[in-house]
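One-letter residues, chain by chain:
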Amino acid sequence: MAREIAVLVNPTSGRGRGARLADPVTERLGEAGLRARWEAGRDASEALDMARRAVARGVDGLVVIGGDGMVHLALQAVAETATPLAVIPAGTGNDLARALGLPLRDPLAAVDVVVAGFTRSQDLGKVGSEWFATVLGAGFDSKVAERVGKISWPRGRMRYDMAVVAELRSFKPQHFVIELDDEEEHAEALLVAVGITNSYGGGLRICEGADPTDGLLEVAVIGALPLHELVPLFPKLSKGTHVGHPAVTMYRAKRVSLASAGLTAYADGERVGPLPVTVQCVPGALRVFAPPPR
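Owing to the predicted nature of the structure, the values given are computational and were not obtained by experimental measurement. (Residues numbered from 1 in each chain as written. Predicted model: local features only at pLDDT ≥ 70, side-chain atom pairs only at ≥ 80, totals over all residues. Heavy atoms only, no water.)

*Asks:* Pulling in residues and values, what's your account of the overall build of the protein chain?
*Replies:* When its secondary structure is counted, the protein chain shows eight helices and 15 strands. Taken over the C-alpha trace, the protein chain has a radius of gyration of 19 Å; the compact-globule value for 294 residues is 19 Å, and the two agree within 12%. The principal-axis extents of the C-alpha atoms in the protein chain amount to approximately 60 × 45 × 35 Å. Out of the 294 residues in the protein chain, the part that is buried amounts to 51%. A sequence separation of at least 24 residues applies to 70% of the contacts in the protein chain between residues at least 6 apart. Accessible surface for the protein chain amounts to roughly 13200 Å². Of this, 52% is attributable to carbon and sulfur atoms. For the protein chain, the distance from the average site of its 32 positive side-chain charges to the average site of its 34 negative ones is 6 Å. (Helix = DSSP H or I, 4+ residues; strand = E, 2+ residues; numbered from the N terminus. Rg over C-alpha atoms; globule rule 2.2 N^0.38 Å. Buried < 20%, exposed > 50% of the residue type's maximum accessible area, 1.4 Å probe, protein only. Contact = heavy atoms within 4.5 Å. Areas by Shrake-Rupley, 256 points an atom, 1.4 Å probe, with all protein chains shown as cover. Lys, Arg positive; Asp, Glu negative; His and termini not counted. Charge placed at Lys NZ, Arg CZ, Asp CG, Glu CD.)

Rendered as C-alpha cells:
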C-alpha cells in the first residue's frame, strides 16, 4: 500500500506563499506514488487538531508548508511519536529547515526529500508541556519578537529589522538568574538564548555549536554592552563569529532555568510565556525527513 502523507498548510506563510504551494506540493507527492492531500486550518487551534488527527490515524508522514511557527504547531502533535515531520519552507525564518539542510528556495526539491523517505531523529526542547525545535530566547530578542507582532507594515524581514532598530533605543540589560543543571549563574545580560539547533530569526547563529543530536542544550548569554559595541556584534551573529567575544558566554546543559523580571520567552519565534521558565532537552523526541548524510 502507498505511503499516506498528510499535508498541513499555513495559508498566510510568506505572504501567501504557503497557500500557493499547497497544490504543487501535493501533486509532486502524488506523482511519486504517495497518497497525499492537503488541509488548512482556519486558525492555529484547528490546524493543531488536524495534525493530531493525522498522527492518530497513523499517517506515514506529516508535511507542513510554512515557516517556523507552523513547525512549532506541528511539533505539539508529532513529538515523541513514530510519525516523521517534513518541512516545506515557506516562511520568513525557516530555521528548522535550515538546520536540516533542506533547500530553502526550491520547495519541490524539499518535497523530493520526503519522496526519498530518509528520516533521522533529533532532540527537542520542552517547557512545561510545550515543545520547540530551534531556539528559545528571552531578553532583547523576545522584546523584538513582541514588537514585530505589533507592526503591520512592512512585511517579511524588513519588519524584523525595524523592530530591532526601535528596540535598540530603549532596551536596558536585565538581571538573569540562570540554572544550568545543578549550577547557578547570575548575569547582567541583553539576552539569553537556549538552543537545540544553532539559529533563529532567519539564520542568526546565536547558539553556534549546538548539536540537535547530543542530548544537550547550547546556551548563549550576551552580556551588557554599550550601543556602540553592540551594533557591530549583530553582523557576527549571522556567521556565528560572535562566539569568543568578551561579552558572550556559552554553556551546555541538559536542563536550563531562566528567571528575570518582566521578560517573556519565545521559542521557534512563538510566544511561550513569562519568565521564569525551565527548559528540558528531550533526546530523540522528533523524527524528521532530511537529506541523507554525505
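*Asks:* Got a sec to walk through the environment of Gly67? Specific residues and values, please.
*Replies:* You can see Gly67 is positioned in the loop between strand 3 (61–66) and helix 3 (68–78). Gly67 gets classed as buried once you look at its relative accessible area, which sits at 8%. It is 29 Å that separates the C-alpha atoms of Gly67 and Arg169, two residues lying 102 residues apart in sequence.

*Asks:* How would you explain the environment of Arg42 if you had to name every residue and give the values?
*Replies:* Examined against the element boundaries, Arg42 turns out to sit in the loop between strand 2 (35–39) and helix 2 (44–56). Accessibility expressed as a relative area gives 75% for Arg42, which makes it exposed. Residues Arg42 and Asn10, 32 residues apart in the sequence, show an inter-C-alpha distance of 9.2 Å.

*Asks:* Which residues make up the state of the cysteines, and what are the values?
*Replies:* Overall, the coordinates contain zero disulfides when judged by the stated rule. Between Cys281, a cysteine without a disulfide, and Cys207, which holds the nearest cysteine sulfur, the sulfur-to-sulfur distance is 12 Å. On the basis of relative accessible area, Cys281 is assigned to the buried category, the value being 6%. (Disulfide = S-S within 2.5 Å.)

*Asks:* So what about the pattern of salt bridges? Which residues, and what values?
*Replies:* Here the structure, examined in full by the defined rule, presents eight salt bridges. One salt bridge connects Arg37 with Glu39, and the closest N-O pair in it is separated by 3.9 Å. With its nearest N and O atoms 2.8 Å apart, the salt bridge here joins Glu208 to Arg205. Judged by relative accessible area, which is 28%, Arg205 ranks as partly exposed. (Salt bridge = Lys/Arg side-chain N within 4 Å of Asp/Glu carboxyl O.)

*Asks:* Lay out the pairing of strand 10 (residues 217–223) with the relevant residues and their values.
*Replies:* Most of strand 10 is tucked away, with seven of its seven residues classed as buried. Residues of strand 10 alternate between two faces, with Leu217, Val219, Val221 and Gly223 on one and Glu218, Ala220 and Ile222 on the opposite face, all of them buried. Sheet topology places strand 9 (residues 183–195) next to strand 10; six bridges connect them, and they run antiparallel. Counterpart to Val194 in the pairing with strand 10 is Val219. (Pairing = 2+ DSSP bridges.)

*Asks:* If you had to explain unusual backbone geometry to someone new, which residues and values would you point to?
*Replies:* Cis rather than trans, the peptide bond between Leu275 and Pro276 has omega equal to 10°. Among the structural elements, Pro276 can be located in the loop between strand 14 (270–274) and strand 15 (277–289). Its identity as a non-glycine residue notwithstanding, Glu80 has a phi of 55°, on the positive side. Along the chain, the position of Glu80 falls in the loop between helix 3 and strand 4 (85–89). Positive phi, normally seen in glycine, also occurs at Asn94, with a value near 55°. Here Asn94 lies in the loop between strand 4 and helix 4 (95–100). Residue classification places Asn94 among the buried residues on the basis of a relative accessible area of 9%.

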